[in-house]
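# Structural characterization, general
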Amino acid sequence: MNSIGLPNKGLERFIDDDLPRLAGLPVPLVVSVMGFTRDELALLAARVGERDEVALVELNISCPNVETGLVMGADPTEAARAVERVRAACAKPLIVKLTPNASDPAAVAVAAEQAGADALALVNTLRGTAIDPRGTGGAWLGGGAGGLSGPAVRSVALAQVQAVAAASRLPVIGMGGISEPAHALDFLAAGARCVAVGTASFRDPAAAARIAEAIGAARPAGERIEAAATR
Amino acid sequence: MNVSEGARVDEERTLAPFGRRLARVARSESVGAYRVVTVEDTRGPADPRPGQFYMLAAERGWGGDDGRPYLPRALSFCRAAPLGRDRGASLSFLLDEVGPGTRRLAALEADEGVWLTGPLGVGFRRPSGRALLVGGGIGVAPILCLHDELHVGGARALLGFRSAEHAQAARLFSYATVATDDGSVGRHALVTELLREQLDDDASATVYACGPPVMLEAVRALCGERRVPAQLALESGMACGFGACFGCVVATRHGYLRLCVDGPVLDAAILEVGAGH
Ligand SMILES: Cc1cc2nc3c(=O)[nH]c(=O)nc-3n(C[C@H](O)[C@H](O)[C@H](O)COP(=O)(O)OP(=O)(O)OC[C@H]3O[C@@H](n4cnc5c(N)ncnc54)[C@H](O)[C@@H]3O)c2cc1C
Ligand SMILES: Cc1cc2nc3c(=O)[nH]c(=O)nc-3n(C[C@H](O)[C@H](O)[C@H](O)COP(=O)(O)O)c2cc1C
Ligand code: FES
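Residues numbered from 1 in each chain as written. Chains lettered and ligands numbered in written order. Predicted model: local features only at pLDDT ≥ 70, side-chain atom pairs only at ≥ 80, totals over all residues. Heavy atoms only, no water.

Summing up its helical and strand segments, chain B has six helices and 15 strands in all. Whereas a compact globule of 277 residues would reach a radius of gyration of roughly 19 Å, chain B reaches 18 Å, a difference of no more than 12%. Taken over the C-alpha atoms alone, chain B extends approximately 50 × 45 × 40 Å along its principal axes. Split into buried and exposed, the 277 residues of chain B put 54% on the buried side. Sequence separation of at least 24 residues holds for 63% of the intrachain contacts in chain B that already meet a minimum separation of 6. Summing over all exposed atoms, chain B offers an accessible surface of approximately 11,800 Å²; the carbon and sulfur share of this is 48%. (Helix = DSSP H or I, 4+ residues; strand = E, 2+ residues; numbered from the N terminus. Rg over C-alpha atoms; globule rule 2.2 N^0.38 Å. Buried < 20%, exposed > 50% of the residue type's maximum accessible area, 1.4 Å probe, protein only. Contact = heavy atoms within 4.5 Å. Areas by Shrake-Rupley, 256 points an atom, 1.4 Å probe, with all protein chains shown as cover.)

As a further point, take the packing of aromatic side chains. Residue and element names in this part refer to chain B. Tallied over the entire structure, the rule returns three aromatic pairs over all chains. Taking 6.2 Å as the distance between ring centres and 85° as the angle between the ring planes, the aromatic pair formed by Tyr54 and Phe77 counts as edge-to-face. Residue Tyr54 is found in strand β3 (residues 53–58), and its partner Phe77 is found in strand β4 (residues 73–82); the two are separated by 23 residues along the sequence. The pair Tyr54 / Phe77 is uniform in exposure class, with both members buried. (Phe/Tyr/Trp six-rings, centres within 6.5 Å; stacked < 30°, edge-to-face > 60°.)

To continue, consider the site of ligand 1. Around ligand 1, 22 residues are found, and the nearest of them are Arg73, Ala74, Leu94, Gly101 and Thr102 of chain B. Per-site note: the chains with residues close to ligand 1 are chains A and B. Within the contact set of ligand 1, an oxygen atom lies 2.9 Å away from a backbone nitrogen or oxygen of Asp96 of chain B. Between ligand 1 and the protein, one listed contact pairs an oxygen atom with a backbone N or O atom of Gly101 of chain B at 2.7 Å. Compared with its free state, where it exposes 950 Å², ligand 1 has 73% of that area covered by protein. Counting residues per element, the ones that place at least two in the shell around ligand 1 are β4, β5 (89–95) and α1 (100–106) of chain B. (Near = heavy atom within 4 Å. Polar contact = N/O pair within 3.5 Å; in protein donor to acceptor, adjacent residues only side chain to side chain.)

Listed per partner, the contact involves 19 residues of chain B and 16 residues of chain A. Our count for the contact surface shared by chain B and chain A stands at one salt bridge. Between Arg20 of chain B and Asp204 of chain A there is a salt bridge, with the nearest N and O atoms lying 3.6 Å from each other. The tally of links from chain B across to chain A stands at zero residue pairs in polar contact (both at pLDDT 80 or more). Here the side of chain B that touches chain A is built from residues that sort into 13 nonpolar, four polar and two charged. (Salt bridge = Lys/Arg side-chain N within 4 Å of Asp/Glu carboxyl O. Nonpolar A, V, L, I, M, F, W, Y, C, P; charged D, E, K, R; others polar.)

Our next topic: the sheet that holds strand β4 (residues 119–122) of chain A. Residue and element names in this part refer to chain A. Judged by pairing direction, the sheet is parallel, and its six strands sit side by side in the order β1-β2-β3-β4-β7-β8 without closing on themselves. If you trace the sheet from one side to the other, it starts and ends with β1 (29–33) and β8 (194–195), each paired once. Judged from the three bridges that link them, β4 and strand β7 (residues 172–174) form a sheet pairing that is parallel. Paired with Ala121 across the strands is Ile173, a residue of β7. (Pairing = 2+ DSSP bridges.)

Turning our attention to helix α6 (residues 181–189) of chain A. Residues and elements named next belong to chain A. Residues of α6 that are buried: His183, Ala184 and Phe187. Projection of α6 onto a plane perpendicular to its axis shows the buried side chains occupying an angular sector of 100°, all on one side. Two residues or fewer after α6 comes Gly191, characterised by a positive phi angle close to 120°. (Arc of directions from axis to C-beta.)

Attention now goes to unusual backbone geometry. The linkage connecting Leu122 of chain A with the following residue, Val123 of chain A, adopts the cis geometry, with an omega of 10°. Mapped onto the secondary structure, Val123 of chain A falls in the loop between β4 and β5 (126–128). The residue after Gly263 of chain B, namely Pro264 of chain B, is reached through a cis peptide bond having omega 5°. If you trace the backbone, Pro264 of chain B turns up in the loop between α6 (259–262) and β15 (265–267). Despite not being glycine, Asp86 of chain B has its phi angle at roughly 55°, a positive value. Relative to the assigned elements, Asp86 of chain B resides in the loop between β4 and β5. Judged by its relative accessible area of 77%, Asp86 of chain B is exposed. At Asp111 of chain B, a position not held by glycine, the phi torsion is positive, near 80°. What makes Asp111 of chain B exposed here is its relative accessible area of 60%.

Glancing now at the domain arrangement of chain B. Residue and element names in this part refer to chain B. Each domain of chain B was delimited in the assignment, giving domain 1 (3–120) and domain 2 (131–270). Between the C-alpha centres of domain 1 and domain 2 there is a distance of 20 Å. At the interface, 29 residues of domain 1 touch 36 residues of domain 2. Across the domain 1 to domain 2 interface the summed buried area is about 2,800 Å²; carbon plus sulfur atoms make up 60%. (Domains from an automatic or database assignment. Buried area = accessible area lost by both parts, 1.4 Å probe.)

Here is the structure:
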C-alpha cells in the first residue's frame, strides 16, 4: 500500500534535467503525464509529445478532475473528454492508463479507444487504507488513504485485463502483482499484448528483465507497443 | 511536492551492483536482546562505507500467512570484513525483531540464502580530528563499523540502551561508555547527557550518531547550539532502497530528500527543525 502521490520536479525541470539523461538509456521512453484539469493534461502531453526523445506518451487518468469532481478514469464520459483533448494536442502514440477503481473498466476502455487512444494500460493501484496498528484509531498512511499494489491485486488485475482486452481492439499492457514469469504468461493469456512490473521491481530491481528473459520476450516492451500502436 | 536531488557533493558512497544477489548465511548469534546475522556476500563490493545499508530478504519463508513480508527490509551493516581478492565481504547485521521481516531475518540459520541489494545510500564521511560516536538502541549498528574504522585513533563511542539485555550489544565495541534508561548497566542517564558532558569538556569534535528519532533530534539540537558539526544516520520507511518509490523522503533545507539515495547519513545542519525525522 502506498500514499506517495505523484512527487516530481514539474514539467520544466523534467524536460531540462531528466529527459536528456533518460534519453541515454537503451530503451524507448514512455512518459506518463497526469493533471487535475483537461487543460493541464493537454499542455503536459503536448510539451512532452513534441520531444524527439519521447517514443510514447501515457495518460494517467486515475485522478479527480477538479473542475467536475469526477475521477477521470472512473467514468466513460469523463475519460473520453480527457482523451479527446489530449489526442488533439499530442501526435505521439498515446497509451491511456486505466484505474481499477471504476465500476466498469471495459466501458472506460472502449470510451478511450473511441476518443483516439492507441493503447491501454491497466491496472493502476486499488484504493485502500490501513488503520494505525498502535491503536490510535487514526490513519496509518500519510495521505489518509492510499493505493494497493503487488501480489494482493493480481487476480483482480487479471480479470480486468481480460474484460478490457475482450471489449477493445487496442493493444493492452497488463500489470498488477506480476513478480514471476508465470504471472506474466497469465496476463498474456488473458489478452494483454505486453506486461509491466511495478512493485516487484522494488524487491528485485532486475525483476522486469528477469521475467522478460524467462518468457522469451527479451525485446524492450516499448518497442513492441510502439509497433503495435502504430500498426 | 518539491523534490531536490544531489544536495550533497562530498558524499561517501560505494556503488551497489545492479539487481539483487543471493548470499549465504555464515552464522547467526544472539547478543542480548539483539541478533547478529553474518552473511558471505561474495558478489558484492568489499568496502561498503559505514552508514550505508543493504536491502535484505530471506530466500525462503519470505511472505508468511498474511503475505508479509513481501518487500525486502533495510539494514545497516554493523561489520564488514573483506573475504579476499575480489571475493566480496563478510557482512554482519544487527537485528532488532520488531515485525515479520526482522523476525524472519533473525531466525535465519547457517547456510540459508539471503537476497541482498546494496550497499545503498551515502555513509558517514571519513572523520578527521576528534570524533564522538553516539548510538542509541538498534542505532548502534552503523556506529559499530565506524568505530572499528576509527579504532586506531581511539574514537569514543557513547551508547544508550533501554535495558541491561539490550546493553549487551556494547560488548561488540572495544571502547565504549554505556548509559541505560533504567540504570541497570553503566550510567543511569540518556546517552545525550553523556554527549553533553563530552561537549562541555571539549567542543572541538564532530559527532556521528544513529538512534531513535527523539535521540537524533536531541543530538541535532545540542550540536546546533554549540555549532558542532554532526552527521546523523536517519531512518524512514523504505520500500525500494534505491530511489524509485519516494517513500523515504525527509524534509530538509534543500527540500525533500530521498533518504535512501541522499542519506541515510545527512548533515544535521540541513535538517528542518522538528520535521518529524
Ligand atoms: C537505512 C536504514 C537502516 C536500518 N538498519 C537497521 C538495522 O541495522 N537493524 C535493524 O534491526 N533495523 C534497521 N532498520 C529498521 C528496519 O528496516 C525496520 O525495522 C524493518 O523494516 C521492520 O520490518 P518488519 O517487517 O520487521 O516490521 P514492520 O511490521 O514493517 O514494522 C516496522 C515498524 O513499524 C512500526 N509498527 C509496525 N507494526 C506495528 C504495530 N502493530 N504496532 C506498533 N508499531 C508498529 C514499528 O515501529 C516497527 O518498527 C533500518 C532502517 C533503515 C531505513
Ligand atoms: C510507490 C508507487 C508509485 C506509483 N506511482 C504511479 C504513478 O505515478 N503513475 C501511475 O500511473 N501509476 C503509479 N503506480 C501504479 C503502478 O504503475 C502499477 O500500475 C500498480 O502498482 C500495479 O502494478 P504492480 O502490482 O506490478 O505494482 C505506482 C505504484 C506504486 C507502488
Ligand atoms: S526507499 Fe524507495 S525511494 Fe527511498
